[in-house]
Each structure stands twice: as C-alpha cells, then as structure tokens.
Amino acid sequence: MNYFKHETAIVDDNVLIGEGTKIWHFSHIQSGARIGKNCSLGQNVNISNHVILGDGVKVQNNVSVYEGVEIEDYVFCGPSCVFTNDLTPRARYPKNHKYVKTVIRHDATLGANCTIVCGHEIGAYATIAAGAVVTSDVRPHALIAGVPAKQIGWVCECGQVLNRDLSCKDCGRRYCLAEGILTETPSLD
C-alpha cells in the first residue's frame, strides 16, 4: 500500500488509490472509485462508487462525493461542501445508477458548505464562495457567490481576487477578457 489510510477508514474492493494519498478518520471509499496521487481526504469523507478524483485533490471534512461527479487535478473541496447527482430524487424510485454528471475542472475551489447542483461544470481556477448554491455552469476563473450563485468577479490562477484592471496584486499575473473568456496576458519580461 503506497498511501496512508487511518485505521477507522474503510476502503472497499476494486478501488484505485494513488501514491501519497491520505485518507483520514471515519472515511469510506466505495467500490470502483479512482483517486489520484497526493490527495487528502479529511475526516468523515465518503467517495461513492465510480467517482474519479484527479491528482492533488483536497477534500475537507464531512464531504460526500456522489456517483456521477468527476473532480480533476488540484481541486479544493471545502468542509461540508455538497454535491448532488439527481435532479428529481425519490426514495421510492431509485435511479439505478443513472445519475446526472457533474465535472469540477482542475484547480477550482469550492468553499465551505457550498452546494453544487448536478449537471453543471465548474471551470478551471473558478472559486465558489462559502455557502453558495450553484445552479448553472461556472466559467473558468469566475468568482461565484450567493443563493442562487451569481458571478461577482474574477480570480487569478493563484487564487486571489483580481483587481478591476484584471491584474493580481499578489503574483502579478494580468488577464484580458474577450467574449466572456478570461485569458492570461503574456508577460513583457
């Protein structure tokens, strides 16, 4: 075993877990899940059947990632964030593994206690504020907040909120916006 599993964690059969990953107290990794290298799964995390997590993903305490959700590399899932996989759930009428797909693109951040309604894509480097309820696709680098969530700004690749001129005060990256797409401006160095 080339990953760490706390003695209280449960890992079912037919699971792939990458080198350097850490699975903490009372977590459960279900059959068919694929977890990349150097991930961190906090206390009381559930990774459902056939879920895919990329490399370097951090899933904080009390998060359940349900079947139908795919999380790319270096995504941060804040404490108690919520994923759904069924738009019309009924206890009496199970979906028989026909769940609505949700994709979280690389380097996105999902704040504590946010909810991602299934069937949407969260773009690369996007940031979802704590407590937001996402009910539509989110563009790359977008800063989203509220209920229902709406875009309130843009974020840098490094995670900082961009200034009005679309520059980052921390790392110095500059961006331009064309047709709703934010792209990094090449450095003049």
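Above this text you will find the structure in question.
The paragraphs below set out a description of the structure included in this document. (Residues numbered from 1 in each chain as written. Predicted model: local features only at pLDDT ≥ 70, side-chain atom pairs only at ≥ 80, totals over all residues. Heavy atoms only, no water.)

## Notes on the sheet that holds strand 22 (residues 150–154)
Then comes step 1: With mixed pairing, 9 strands are arranged side by side in an open sheet as 1-4-7-10-13-16-19-21-22. At either margin of the open sheet sits one strand with a lone partner, and together these are strand 1 (4–5) and strand 22.
Then comes step 2: Taken together, the 2 bridges between strand 4 (residues 22–23) and strand 7 (residues 40–41) define a ladder with parallel strand orientation. Along strand 7, the bridge assignment pairs Lys-22 with Ser-40. (Pairing = 2+ DSSP bridges. Helix = DSSP H or I, 4+ residues; strand = E, 2+ residues; numbered from the N terminus.)

## Quick notes on the nonpolar core
Then comes step 1: Ile-47, Ile-71, Phe-83, Leu-110 and Ile-122 are the most contacted members of the largest nonpolar core, which has 45 residues in total.
Then comes step 2: At the level of secondary structure, the elements contributing two or more residues to this core comprise strand 12 (69–71) and strand 21 (142–145).
Then comes step 3: In contact with Phe-83, not counting residues within four places along its chain, are Val-63, Ser-64, Val-65, Tyr-66, Val-69, Ile-71, Cys-77, Ile-104, Leu-110 and Ile-116. (Core = buried A, V, L, I, M, F, W, Y, C linked by side-chain atoms within 4.5 Å. Buried < 20%, exposed > 50% of the residue type's maximum accessible area, 1.4 Å probe, protein only. Contact = heavy atoms within 4.5 Å.)

## Description of the pattern of salt bridges
Then comes step 1: Within the structure shown, the criterion is met by 8 salt bridges.
Then comes step 2: Glu-121 is the salt-bridge partner of Arg-105, the closest N and O atoms lying 3.2 Å from each other. Within this pair, whereas Arg-105 is found in the loop between strand 15 (102–104) and strand 16 (109–110), its partner Glu-121 is found in strand 18 (residues 121–122), the two being separated by 16 residues in sequence.
Then comes step 3: For Arg-105, a relative accessible area of 26% translates into the label partly exposed.
Then comes step 4: On the basis of relative accessibility, which here comes to 32%, the residue Glu-121 falls in the partly exposed class. (Salt bridge = Lys/Arg side-chain N within 4 Å of Asp/Glu carboxyl O.)

## Some words on the environment of Glu-157
Then comes step 1: Here Glu-157 is to be found in the loop between strand 22 and strand 23 (175–178).
Then comes step 2: Along the chain, Glu-157 and Cys-168 lie 11 residues apart, while their C-alpha atoms are 9.2 Å from each other.
Then comes step 3: With residues near it in sequence (within four places) discarded, Glu-157 still touches Tyr-125, His-141, Arg-173, Tyr-175 and Glu-184.

## Brief notes about the packing of aromatic side chains
Then comes step 1: Evaluation of the coordinates by the stated rule reveals 1 aromatic pair.
Then comes step 2: Geometrically, the ring pair formed by Phe-4 and Trp-24 is tilted, given 4.8 Å between the ring centres and 50° between the ring planes. A residue pair is termed long-range when its members are at least 10 positions apart, and Phe-4 in strand 1 and Trp-24 in the loop between strand 4 and strand 5 (28–29) qualify at 20 residues.
Then comes step 3: The partly exposed category is assigned to Trp-24, whose relative accessible area is 30%. (Phe/Tyr/Trp six-rings, centres within 6.5 Å; stacked < 30°, edge-to-face > 60°.)

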